[in-house]
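The residues making up each chain are set out below.
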Amino acid sequence: MQRTNFSELAACSIARTLDVIGEPWSPLILRDVWVGLSRFEQLQADLGISRKVLTERLNHLVDSGILERRPYDRRPRYEYVLTEKGTELVDMLLVMTRWGDKWLAGEAGPPVLHRHHACGEISAVDLRCAHCGEPMHAGDVDVLAGPGATR
């Protein structure tokens, strides 16, 4: 099946990001690699994904610079590790987690908790302005044309 190239639809950072991880398997693969599942067999077992689809998604994430493929034996077999670009993408997954915990976790509560290394406390991601440190949410910003705008 031909993938839609969202990055060509508009000069839009959301569309460009969707071109990299806009189908359901890629964020789940990133989550698994982030928590330490780095080998093909581990990913397949955890996700229940077909070998063909997992191979396609891993190749796409490697080609996009999100994951790096490293050999771990002579056959060769590979493990997958997050690149710097991929690690920053996991930050977005933490924001998605906060939304899912708030709106979809139900009475049981969140399925996982996150302990912040700096303070040792269980916490969630809180979006803040990089300039002033104040909370930054959709109602707190204006959207302005940037230097890469095409219209």
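See the structure shown above.
Summary of the structure given here. (Residues numbered from 1 in each chain as written. Predicted model: local features only at pLDDT ≥ 70, side-chain atom pairs only at ≥ 80, totals over all residues. Heavy atoms only, no water.)

Side note on the nonpolar core
- Core analysis: the biggest nonpolar cluster contains 19 residues, and I29, L30, L54, L58, L61, L67 and Y80 have the highest contact counts within it.
- Put simply, the parts of the chain that give this core at least two residues each are α1 (13–21), α2 (25–34), α3 (40–47), α4 (51–63) and α5 (84–103).
- Looking at this core element by element, the count peaks at 4 residues for α4.
- When near neighbours in sequence (up to four residues on either side) are disregarded, L61 contacts V20, I21, S26, I29, I66 and L67. (Core = buried A, V, L, I, M, F, W, Y, C linked by side-chain atoms within 4.5 Å. Buried < 20%, exposed > 50% of the residue type's maximum accessible area, 1.4 Å probe, protein only. Helix = DSSP H or I, 4+ residues; strand = E, 2+ residues; numbered from the N terminus. Contact = heavy atoms within 4.5 Å.)

Things to note about a nonpolar patch on the surface
- On the surface, W99, W103 and L104 cluster together into a nonpolar patch covering about 420 Å² of accessible area.
- Here W103 shows up in helix α5. (Patch = residues over 30% accessible without salt bridge, like charges linked within 9 Å, V, L, I, M, F, W, Y side chains within 5 Å. Areas by Shrake-Rupley, 256 points an atom, 1.4 Å probe, with all protein chains shown as cover. Salt bridge = Lys/Arg side-chain N within 4 Å of Asp/Glu carboxyl O.)

Here we look at the packing of α2 against α5
- Contact pair α2 / α5: the axes reach a minimum separation of 10 Å and the direction vectors enclose 105 degrees. Comparing their axes, α5 and α2 come out roughly perpendicular. In this structure, α2 uses P27, L30, R31 and W34 to contact α5, whose residues at the interface are L89, V90, L93 and L94.
- Of the residues in the contact of α2 with α5, the class split is 7 nonpolar, no polar and 1 charged. (Axes fitted to C-alpha atoms, helices over the stretch in contact; angles between N-to-C directions. Parallel < 35°, antiparallel > 145°, perpendicular 65-115°, else oblique. Nonpolar A, V, L, I, M, F, W, Y, C, P; charged D, E, K, R; others polar.)

Here's the deal with α2
- Buried within α2 we find S26, P27, I29, L30, D32 and V33.
- Buried positions along α2 lie against α1, α3, α4, β1 (67–73), β2 (77–82) and α5.
- Of the residues trailing α2, G36 is marked for its positive phi of about 115 degrees.

Quick notes on the packing of aromatic side chains
- Under the defined criterion, the tally for this structure stands at 0 aromatic pairs.
- When the ring centre of Y78 is taken as origin, the NZ or CZ atom of R69, which lies over that ring, is 5.9 Å away. (Phe/Tyr/Trp six-rings, centres within 6.5 Å; stacked < 30°, edge-to-face > 60°. Lys NZ or Arg CZ within 6 Å of the ring centre and 35° of its normal.)

Thoughts on the pattern of salt bridges
- According to the stated counting rule, one finds 8 salt bridges in the structure shown.
- The partner of E23 in a salt bridge is R57, with the nearest N and O atoms 2.8 Å apart. Of this pair, E23 sits in the loop between α1 and α2 while R57 sits in helix α4, and the two are 34 residues apart along the sequence.
- A residue is classified by how much of its surface remains accessible, and E23, at 17% relative accessible area, is buried.
- In this structure, R31 and D32 form a salt bridge, with 3.0 Å as the shortest nitrogen-oxygen distance.

Everything listed here is a matter of geometry and, on its own, says nothing about what the molecule does.
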